Amino acid sequence: MSENRDDQQQENKHEYDHDDDVDPCKKQQHQQQQQQQQQQLGGVRTMPFILANEVCDRFASAGFHANMITYLTQVLNLPLVKASNTLSNFSGTSSFTPLIGAFIADSFAGRFWTIVIASMIYILGMVTITIAAALPQLRPPPCPTQENCREASNLQLWVLYLALLLTSLGTGGIRPCVVTFAADQFDMSKSKTESRSWNFFNWYYFCMGIASLLALTVIVYIQDNVSWGWGLGIPTIAMGLSLVAFIFGAPLYKKSSQSAALLLGLRKELDADISTNGRLVHSDQFKWLDRAAVVVDTDINESSQPKLWRLATVHRVEELKTMIRLLPIWAAAILLVASNSHLSSFTIQQARTMNRHLSSLFQIPPATMSIFSTLTILTGLPLYERLFVPLARRFTGHSAGVTCLQRMGIGFGINVFATIASALIETKRKAAAADHHLLDKPTAVIPISVFWLVPQYFLHGLAEIFMSVGHLEFLYDQSPESMRSTAAALYWIAIAIGNYAGTLMVSLVHKYTGEEGNWLPDRNLNRGKLDNYYWMVTGLQVINLVYYVTCAWFYKCKPIQEITDADEDVEFGGEGQGVKEVELVRK
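Keep in mind it's a predicted model, so treat the numbers as computed, not measured.

Calculation rules
- Position labels on residues start from 1 in each chain and follow its written sequence.
- Only residues with pLDDT of at least 70 are given local features in this predicted model, and only at 80 or more are side-chain atom pairs given and counted; all residues enter the totals for whole chains, interfaces and linings.
- Neither water nor hydrogens contribute to the side-chain values; these are computed over all heavy atoms in the structure.
- In this text, helices come from DSSP runs of H or I with a minimum length of four residues, and strands from runs of E with a minimum of two, each type numbered from the N-terminal end.
- Under the scheme applied here, a residue whose accessible area is under 20% of the maximum for its type counts as buried, over 50% as exposed, and between as partly exposed, the area being computed with a 1.4 Å probe on protein chains only.
- Contact between two residues is taken to exist if any of their heavy atoms lie within 4.5 Å; hydrogens are not considered.
- Areas reported as accessible are Shrake-Rupley estimates using a 1.4 Å probe. Residue values count occlusion only from the protein chains shown.
- What is meant by a nonpolar core is a set of buried Ala, Val, Leu, Ile, Met, Phe, Trp, Tyr and Cys residues, joined one to another through side-chain atoms within 4.5 Å.
- In summary, the pairing rule links any two rings of Phe, Tyr or Trp, Trp by its six-membered ring, whose centres are within 6.5 Å, and it sorts them by plane angle into stacked for under 30 degrees, edge-to-face for over 60 and tilted for everything else.
- Salt bridges are identified by distance alone: a Lys or Arg side-chain nitrogen within 4 Å of an Asp or Glu carboxyl oxygen.
- Here the expected length of a helix is defined as 1.5 Å per residue gap, with one fewer gap than residues.
- Fitted lines through C-alpha atoms give the axes, limited to the stretch in contact for helices. The angle between two N-to-C directions lies from 0 to 180 degrees.
- Note on terminology: angles under 35 degrees are roughly parallel, angles over 145 are roughly antiparallel, angles of 65 to 115 are roughly perpendicular, and the others are oblique.
- Here a crossing is taken to be left-handed if its near helix is turned anticlockwise relative to the far helix by less than a right angle, and right-handed if that turn runs clockwise.
- Side-chain classes are defined by residue name, with Ala, Val, Leu, Ile, Met, Phe, Trp, Tyr, Cys and Pro counting as nonpolar, Asp, Glu, Lys and Arg as charged, and the others, Gly among them, as polar.

Asker: In this structure, what is going on with the overall build of the chain? I would like to understand it.
Answerer: Across its full length, the chain holds 19 helices and eight strands. For the chain, buried positions account for 53% of its 587 residues. Taking all contacts inside the chain whose residues are at least 6 apart in sequence as the whole, residues at least 24 apart take part in 81%. Entry remark: accessible area of the chain is about 27,100 Å², with carbon and sulfur atoms responsible for 61%.

Written as structure tokens, this is what we have:
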């Protein structure tokens, strides 16, 4: 019903937009009615329906991915490097597919239907992996000693790969659309966001942290102590319920009709409904692109009308400039992800060799150690808004305390200290193994507390508060309105490329550090030199920090002029030639 209503409103809108004989007063009245209808939709009341989908996606992926290194090494009996590379490649694919999902959403399908279809595909993948975990025929015989183990067969691995592929495709439609679809329910103009006492992206990330917390405690415990069938089946059920909730809330949603014609090249329409919060003004950067908006004699047809298939408007040209402008900042996240892509897998293997007992009867599952990063995020985000922002505002005068670029830079810096902590703690772990003559016993428990890993988890969580949230907010704020799903996809594309680069880096380290004294051995981590790998990663992150600071120093924010109710015709131009927003430059 809501979709039929939206279609009818869209037909009426086009009727008024293209009929020159319509009374201007009636046309203005119709536009005011549309604005009132849009104002009645969206808002906070839509968040339970929208965020339920993303929370369950994070709940499923966190419970699935956090402990998957255990499933691959302990259940499917894969070597450490092969298992870690498999997870990194899967994570990379899951982060690459959002580009496809964003393209579909911004081009023709819209964010709502993209989320619905992608969620169905995701659930299908979760059902497949749950069946694979429940059936003994789809896994090799157990190998408790971790010596001379029989690896999973090709058939068993292909079932796993099929499930990973389906979840990756589903993720591609969910990740770039949910956060932007949720943000679309609010007025995200600069004047409105500055007047709010809360930051949407902080609270979005807070909700994701709650989902991760539940997964890392409840789901990981079930996987380690009950069964993998139930441990994967519960997130699958939760994902199915979230899809039902999301569809149920459809009549309340504010759905944008904007589409990125810039990407498709299929529609060369005038810029009459592509921006609601403001118009991009002409900039002198990348001036060679301005030629696309200049009308020459060959661009005029016999009726003295411009050939829209051959031209772009000033606003469209500025959209492309905006996307090009943010790419160097975006690229800085790639090396950061590459450096950190395998750390979670290695840390879980470290935790497995350490004393995890809280009492004589209970010990912490290795994958649950990630809870300390999650707890840091959950406690840090409210403190960031209530303490850090007011304090920073006194020194900077900025409404948000620091800019998105400054926030990201702080995160890059903290990440350097996080990997330094990882290297120092691994050196201490191996020293304890040597002192107790356990270097050649890969399954033995080293008498050193697993809580020595907490500092690096804390620092990684703190870095995520600054870097990840700042990066997502930067891409949303600095991208054109009609391409915000694409901008959100860029966030995940950086993660994808970083994961693939991380796989290459780990493979090269494993290959060229020799069989004796290999930094990343297949079975016995005690005989490896994981601390050397961490020091190498630290050096890469220092180089990346220098690169980021350089790019941020020269970055120019997108030139935008906000539209108020009193605005009528906003004019843009360059080089002394005024151009109305719906006009082209005539030369």
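Resuming the write-up.
Asker: Where do I start with the nonpolar core in this structure?
Answerer: Across soluble globular proteins, nonpolar side chains have a tendency to be buried as a group. Membership of the largest hydrophobic core comes to 120 residues, with the highest contact counts inside it found for L72, F474 and Y533. Apart from residues lying up to four places away in sequence, L72 is in contact with N77, L78, A83, T86, L87 and L160. Listed in part, the 15 residues of the second largest apolar core include A432, L438, I448 and L453.

Asker: Help me out: how do you make sense of the packing of aromatic side chains in this one?
Answerer: For any two aromatic rings, the description comes down to two numbers: the centre-to-centre distance and the angle of the planes. A full pass over the atoms with the stated rule returns 13 aromatic pairs. An angle of 90° between the planes, with centres 5.8 Å apart, marks the rings of F346 and Y533 as edge-to-face. Placement of F346 in helix 14 (residues 343–352) and of Y533 in helix 19 (residues 530–554) is noted, with a sequence separation of 187 residues between them. By the burial criterion, F346 is buried, and Y533 matches it. Between the aromatic rings of Y384 and F388, the centroid separation amounts to 5.0 Å while the plane-to-plane angle is 25°, which identifies the pairing as stacked. Separated by four residues within a single helix, Y384 and F388 lie in helix 15 (residues 371–396), roughly one turn from each other. The class of Y384 is buried, set by a relative accessible area of 5%. For F388, a relative accessible area of 26% gives the class partly exposed. Three or more aromatic residues joined by ring pairs form one cluster here, namely F112, W113 and F246.

Asker: Whenever I open this one, unusual backbone geometry confuses me. Can you help?
Answerer: Peptide bonds are trans in most cases, and residues, glycine excluded, mostly fall at negative phi. Positive phi is not limited to glycine here, since H437 has a value of about 55°. Mapped onto the elements of the fold, H437 is located in the loop between helix 16 (404–435) and strand 4 (446–449). Residue classification places H437 among the exposed positions, given a relative accessible area of 68%.

Asker: Would you mind going over the pattern of salt bridges with me for this structure?
Answerer: Pairs can form between side chains of opposite charge once their charged atoms are near each other. Per the stated rule, a full pass over the model turns up four salt bridges. For the salt bridge of K430 with D531, the shortest nitrogen-to-oxygen distance reads 3.6 Å. Here K430, found in helix 16, pairs with D531, found in helix 19; they are 101 residues apart in sequence, far enough to count as distant. In this structure K430 comes out as buried when scored by relative accessible area, which is 17%. D531 sits in the buried class, given a relative accessible area of 10%. Residue R527 is joined to D440 by a salt bridge in which the shortest nitrogen-to-oxygen separation is 2.9 Å. Taken together, the residues R527 in the loop between helix 18 (484–512) and helix 19 and D440 in the loop between helix 16 and strand 4 connect sequence positions 87 residues apart.

Asker: Can you help me understand helix 6 (residues 98–109) in this one?
Answerer: Note that an α-helix has 3.6 residues per turn; residues three or four places apart therefore point the same way. In a regular helix each residue adds 1.5 Å, so twelve residues correspond to 16 Å; helix 6 covers only 14 Å between its end C-alpha atoms and thus falls short of that length. Three or more residues of helix 6 are buried, namely P98, G101, A102, A105, D106 and S107. At the exit of helix 6 stands G110, carrying a positive phi of roughly 85°.

Asker: So what exactly am I meant to see when it comes to the packing of helix 14 against helix 19 here?
Answerer: The angle between the axes and the distance between the axes are what describe a pair of packed helices. At a minimum axis separation of 12 Å, helix 14 and helix 19 run at an interaxial angle of 150°. On the basis of their axis angle, the class for helix 14 and helix 19 is roughly antiparallel. Between helix 14 and helix 19 the crossing geometry is left-handed. Taking contact as the criterion, the partners of L343, F346, T347 and Q350 in helix 14 are, on helix 19, L530, Y533 and Y534. Grouping the amino acids of the contact of helix 14 with helix 19 by side-chain chemistry returns five nonpolar, two polar and no charged.

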